Amino acid sequence: MTIGGTLAKARQEAGLSVPQVAGRTRIRETVLQAIERDDFSMCGGDFYARGHIRSIARATGIDPEPLVQEYDDAHGGPPQAVSARLAFEAKTPVKILERRSPNWSAAMAVALVAVVLYGIFRVATGQERHKSAERAAAPAATATATVRPSHTAAVAQAPRKEVTVRLKAKRASWLSVEDDKGKQLFSGVIRAGQSQEWSAKKHIRLVIGNGGGVRLTVNGKDLGTPGPDGQVVRLAFGPGDPQKG
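Small disclaimer: the values here were computed from a predicted structure and weren't measured. (Residues numbered from 1 in each chain as written. Predicted model: local features only at pLDDT ≥ 70, side-chain atom pairs only at ≥ 80, totals over all residues. Heavy atoms only, no water.)

Draft legend 1. Region of the structure containing the overall build of the chain. When you go through the chain residue by residue, the secondary structure sums to 8 helices and 8 strands. Scored against the burial criterion, the 245 residues of the chain give a buried share of 28%. Considering only intrachain contacts with a sequence separation of at least 6, the fraction spanning at least 24 residues in the chain is 54%. (Helix = DSSP H or I, 4+ residues; strand = E, 2+ residues; numbered from the N terminus. Buried < 20%, exposed > 50% of the residue type's maximum accessible area, 1.4 Å probe, protein only. Contact = heavy atoms within 4.5 Å.)

What follows is the structure, encoded as structure tokens:
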């Protein structure tokens, strides 16, 4: 019995259809049917044909080796081992390109052109920057000539190191004064005509019971009356320009 006939008989005895064997072996049904007719042309070569024979035989429950041996006998024997020398020997000699020396003349020419272009660029941009600087310096010089900051203004802008508050009562008023640490500097009633002055490093906080009955001077600046008569006023001042807070 031929190889294809043996495989077909084994499939039938195993109760398997061609589609079932195809599902188990992942071999197309048309290829299976051709193999059962001893047509191995659709396998793609002897290597794949041997593999298909083994897969079909195992799927149908028979020993594949006798069938593979029979296939080798009918198709020129099993594949011959290839020596390592033949496997790794190049069929076409590899041509090794000789290393060429660099073309220094061309490199020097390119470098010279780059230097010349860079020099032209620097000269052009330098002239433009010089003109821009002259145009910008002209109004600046004029402004410098006309502006004459006085010594008094410079002294006035110097930051103060502490805050000083002076209060003069026009009418009697209750008063509470604290520094930034919460220390009580004054608490009580200040009588009409009386004056008090306090200093602190950071802040002075005041609560005035009668805003219209007192007059304030903060850091030497007269702020006048901080509120209307009978109004409770809360203020806070620091070393900077006096601001009501």
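That covers the picture; the talk isn't over yet.
Draft legend 2. Region of the structure containing the sheet that holds strand β8 (residues 233-237). Pairing in this open sheet of 4 strands is antiparallel, and the strands run β3-β2-β5-β8 from one edge to the other. Edge positions in the open sheet fall to β3 (184-190) and β8, since each of these has one partner strand only. With strand direction ignored, the average angle separating the axes of adjacent strands in the sheet is 10°. In this structure, strand β2 (residues 173-179) lies alongside β3, joined through 6 bridges in antiparallel fashion. Within the sheet, the bridge partner assigned to Ser 173 lies in β3 and is Ile 190. (Pairing = 2+ DSSP bridges. Axes fitted to C-alpha atoms, helices over the stretch in contact; angles between N-to-C directions.)

Draft legend 3. Spotlight on the pattern of salt bridges. With the rule as written, the count across this model stands at 6 salt bridges. In this structure, Arg 54 and Glu 65 form a salt bridge, with 3.5 Å as the shortest nitrogen-oxygen distance. Of this pair, Arg 54 sits in helix α4 (residues 46-60) while Glu 65 is found in helix α5 (residues 65-74), placing the two residues 11 residues apart along the sequence. Residue classification places Arg 54 among the partly exposed residues on the basis of a relative accessible area of 25%. Using a relative accessible area of 39% as the deciding quantity, one classes Glu 65 as partly exposed. Salt-bridge contacts for Asp 222 lead to Arg 215; the nearest nitrogen and oxygen are separated by 3.1 Å. (Salt bridge = Lys/Arg side-chain N within 4 Å of Asp/Glu carboxyl O.)

Draft legend 4. Spotlight on unusual backbone geometry. Not every positive phi belongs to a glycine, and Asp 38 is a case in point at roughly 65°. Relative to the helices and strands, Asp 38 resides in the loop between α3 (29-36) and α4. According to the relative accessible area criterion, Asp 38 is partly exposed, its value standing at 32%. At Asn 219, a position not held by glycine, the phi torsion is positive, near 50°. You can call Asn 219 buried: its relative accessible area is 14%.

No statement about biological role is implied by the geometric values presented.
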